[in-house]
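# Structural description and commentary
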Amino acid sequence: MKNLVVLLLFVLVGSQVTLGQTPGTRHTGSMQKELVAKLTGHLPLESGFVLTQRSKSFERAIAAQYLEESLKSIGLQARKHQYTVSNINLIVDMMFHPIEGTNIYAIIPATNASDEYVVFGAHYDSEPGSPGAIDNASGVALCYAVAKQLAELQVRNRNFVVVFFDQEEDDEIGSRAFAQWAKEEGRNVHSVHTTDLVGWDNNGNRAVELQSPAAMLESTYKAIAERLGIPIHITTGASSDNKSFLEMGFDTIAISEEWFNGDHTPHIHKPTDVYSTVNFEYLSSTTELVYEVMKQLAEN
Amino acid sequence: MKIQSYITPKHLVLLSFTPIFVKGFEYLLIGNTHPLLVATIIGLPLAVLIWFKQSIWALKIWSVLLIGYGTIRLLLSTTLLFVNKGVEAAIQDQLTPSYFIWTISFLALGIFLYRRRRQLV
């Protein structure tokens with residue numbers, strides 16, 4: 001009898017530990033840690049190169065190459081979206097060359113015929129002098145894990161596009177080029193979800209901020225967050241890659257830690273934005289939220 | 001052998017003007033016509049002056065413009081080397097030794113043209 005009680009307790013405790021986690025997210029934690037570690041120089045890349053920042057063009061090219069290979073390793077066909085754009089004004093144009101950059105993206109095709117695309121992404125560049133762990137290796141790791149799980153779904157009624165934007169720190173140049181390109185291509189974009197700064201949760205409440213969400217996205221996120229016990233704060237404006245898509249009229253949402261609510265990384269744009277400051281439990285929790293939303297969009 | 005026997009003002013103006021025109025076309029390829037427009041607005045009056053045998057004036061105006069262009073590039077790039085905050089990484093990225101060599105070349109050619117303009121014509 002005593003053994004039976006112990007066994008029951010064991011089962012109960014075990015079930016509590018895994019409660020709230022989808023099967024996928026349990027396996028993505030170590031993958032996300034490795035991705036953040038390699039993007040921030042905590043671990044060297046396969047080539048032996050240590051990325052201490054992702055700001056200069058050669059560093060961004062190395063990071064892009066790594067992300068391309070990472071997408072391929074989960075069975076996705078990674079592609080490059082290379083762009084060349086003008087500088088901020090004519091005077092700068094006359095002094096300097098045009099700006100060049102590369103967004104990395106992969107399409108996770110619908111299993112049932114659809115012309116709709118759900119775009120989700122994060123910027124992979126960092127501010128000069130900063131390893132950019134939370135800003136924004138954390139967002140990249142979130143999207144990567146979501147892409148992996150979406151690719152494993154048996155049924156997808158929409159196409160999904162995971163994209164890693166270049167040059168967000170330079171006035172969102174990369175995402176603006178991507179948004180422009182999507183518009184020119186005439187793609188039927190259902191919605192755009194951008195993640196930036198998703199690795200800080202000092203008060204441990206797992207809360208997420210949703211910036212300027214389209215109405216239909218706001219209700220979806222709120223419903224799923226409520227089910228997962230994640231507090232949601234809605235904010236206005238546009239302070240990251242979501243700005244590029246909002247300006248072009250796409251239905252957009254930006255996901256981040258509590259930037260306006262005060263619980264955010266103090267290390268942003270500093271040399272101290274390192275791997276050890278990332279709260280991976282929070283990253284995992286926010287990944288789960290975004291994945292559940294994507295899963296719902298895939299099923300409906 | 002006199003310098004003007006193998007270098008004509010036309011050659012020098014063309015030589016120094018080429019990078020500006022190349023820049024104009026570089027931007028034209030990405031759909032921005034403004035730099036080429038600026039190059040044309042500057043280049044056309046110079047061409048007209050040379051056509052009407054007013055090469056000294058053309059050289060004077062062009063050399064002053066080149067000195068101004070080189071000076072602005074030099075001041076801007078030197079400032080950007082020390083002021084990192086708020087400057088786009090894409091711009092910082094271009095501040096390479098070759099950028100400074102081009103800048104010094106514009107400046108040096110501008111000064112050369114200004115000082116030797118009478119000898120060259």
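What counts, and where the lines are drawn
- Residues numbered from 1 in each chain as written.
- Chains lettered and ligands numbered in written order.
- Predicted model: local features only at pLDDT ≥ 70, side-chain atom pairs only at ≥ 80, totals over all residues.
- Heavy atoms only, no water.
- Helix = DSSP H or I, 4+ residues; strand = E, 2+ residues; numbered from the N terminus.
- Rg over C-alpha atoms; globule rule 2.2 N^0.38 Å.
- Buried < 20%, exposed > 50% of the residue type's maximum accessible area, 1.4 Å probe, protein only.
- Contact = heavy atoms within 4.5 Å.
- Areas by Shrake-Rupley, 256 points an atom, 1.4 Å probe, with all protein chains shown as cover.
- Lys, Arg positive; Asp, Glu negative; His and termini not counted.
- Charge placed at Lys NZ, Arg CZ, Asp CG, Glu CD.
- Buried area = accessible area lost by both parts, 1.4 Å probe.
- Salt bridge = Lys/Arg side-chain N within 4 Å of Asp/Glu carboxyl O.
- Polar contact = N/O pair within 3.5 Å; in protein donor to acceptor, adjacent residues only side chain to side chain.
- Patch = residues over 30% accessible without salt bridge, like charges linked within 9 Å, V, L, I, M, F, W, Y side chains within 5 Å.
- Pairing = 2+ DSSP bridges.
- Axes fitted to C-alpha atoms, helices over the stretch in contact; angles between N-to-C directions.
- Parallel < 35°, antiparallel > 145°, perpendicular 65-115°, else oblique.
- Left-handed = near helix turned anticlockwise from the far one by under 90°.
- Nonpolar A, V, L, I, M, F, W, Y, C, P; charged D, E, K, R; others polar.
- pLDDT = per-residue confidence, 0-100.

### Comments concerning the overall build of chain A
Looking only at helices and strands, one finds nine helices and eight strands in chain A. Since a compact globule built from 300 residues should have a radius of gyration of about 19 Å, the 19 Å found for chain A is in line with a globular shape. Each principal axis of the C-alpha atoms in chain A carries an extent, and together these give about 85 × 45 × 35 Å. Looking at chain A residue by residue over its 300 residues, the buried ones come to 55%. Pairs at least 24 residues apart make up 80% of the contacts formed inside chain A by residues separated by at least 6 positions. Of the accessible surface of chain A, which amounts to about 12,700 Å², a share of 55% is contributed by carbon and sulfur atoms. Side-chain charges of chain A comprise 22 positive and 37 negative groups, with the mean position of each set lying 7 Å from the other.

### Side note on the interface of chain B and chain A
At the junction of the two partners, chain B supplies 22 residues and chain A supplies 22 residues. The three residues of chain B that bury the most area against chain A are B:Tyr27, B:Glu88 and B:Gln94, which together make up 25% of that side's buried surface. In this structure, the connection of chain B to chain A is made through zero salt bridges. Counting across the chain B and chain A interface gives 14 residue pairs in polar contact (both at pLDDT 80 or more). Of all elements in the fold, only helix 1 (9–28), helix 2 (34–51), helix 3 (55–82) and helix 4 (89–92) of chain B reach the threshold of two or more residues within the side of chain B that touches chain A.

### So, a nonpolar patch on the surface
Residues and elements named next belong to chain B. Residues Val48, Trp51 and Phe52 make up a contiguous nonpolar surface patch of roughly 400 Å² in combined accessible area. Along the chain, Trp51 falls in helix 2. We classify Trp51 as exposed; its relative accessible area is 68%.

### A short note on the environment of A:Ser191
Residue and element names in this part refer to chain A. Structurally, the position occupied by Ser191 is in strand 5 (residues 188–195). In this structure the C-alpha to C-alpha distance between Ser191 and Glu116, which are 75 residues apart in sequence, comes to 9.1 Å. With residues up to four places along the chain from it excluded, the contact list for Ser191 reads Tyr117, Val118, Val119, Met216, Leu217, Asp251 and Leu297. A polar atom in the side chain of Ser191 sits 2.8 Å from the side chain of His190.

### Re the environment of A:Thr236
Residue and element names in this part refer to chain A. Among the structural elements, Thr236 can be located in the loop between strand 7 (232–235) and helix 8 (242–247). Here Thr236 falls in the exposed class, since its relative accessible area comes to 68%. Residues Thr236 and Glu209, 27 residues apart in the sequence, show an inter-C-alpha distance of 10.0 Å. Beyond its immediate chain neighbours, meaning those up to four positions away, Thr236 contacts Gln211 and Ser212.

### So, the pattern of salt bridges
Residue and element names in this part refer to chain A. Under the defined criterion, the tally for this structure stands at 13 salt bridges over all chains. For Asp166, the salt bridge is made with Arg60, and the minimal N-O distance between the two is 2.7 Å. Taken together, the positions of Asp166 in the loop between strand 4 (159–165) and helix 6 (173–184) and Arg60 in helix 3 (residues 57–73) put the pair 106 residues apart, joining distant regions of the chain. Here Asp166 matches Arg60 in class, with each residue buried. Among the salt bridges present, the one from Arg176 reaches Glu247, with a minimum N-O distance of 4.0 Å. Linking Arg176 in helix 6 with Glu247 in helix 8, this pair joins segments that are 71 residues apart in sequence.

### Focus on the pairing of strand 2 (residues 99–108) of chain A
One face of the sheet, then the other: side chains in a regular strand alternate in exactly this way. Residues and elements named next belong to chain A. Of all 10 residues that make up strand 2, nine are buried, and the element is covered over most of its length. Bridge count for strand 1 (residues 78–85) against strand 2 is eight bridges, and the pairing is antiparallel. The residue of strand 2 that forms the bridge with Ala78 is Ala106. Both strand 2 and strand 4 contribute to a ladder of five bridges, which runs antiparallel.

### Considerations on the packing of helix 7 (residues 215–228) of chain A against helix 9 (residues 280–299) of chain A
All names here are of chain A. Across the interface, helix 7 lies against helix 9 with an axial gap of 10 Å and an inter-helix angle of 125°. The pairing of helix 7 with helix 9 is recorded here as oblique in orientation. As for how helix 7 packs across helix 9, the hand of that crossing is right-handed. Only Glu288, Leu289, Val290, Glu292, Val293, Met294 and Gln296 of helix 9 make contact with helix 7, whose side of the interface consists of Thr220, Tyr221, Ile224, Ala225, Arg227 and Leu228. Considering only residue class, the contact of helix 7 with helix 9 consists of eight nonpolar, two polar and three charged.

### What to know about the confidence of the model for chain A
Residues and elements named next belong to chain A. Here chain A averages 91 in pLDDT, and 91% of its residues register 70 or above. No element of chain A has a lower mean pLDDT than helix 1 (residues 2–18), at 47, and none a higher one than strand 4, at 98. Segment residues 8–24 is flagged for pLDDT under 50; beyond a separation of four residues in sequence, or across chains, it makes 10 contacts in the model.

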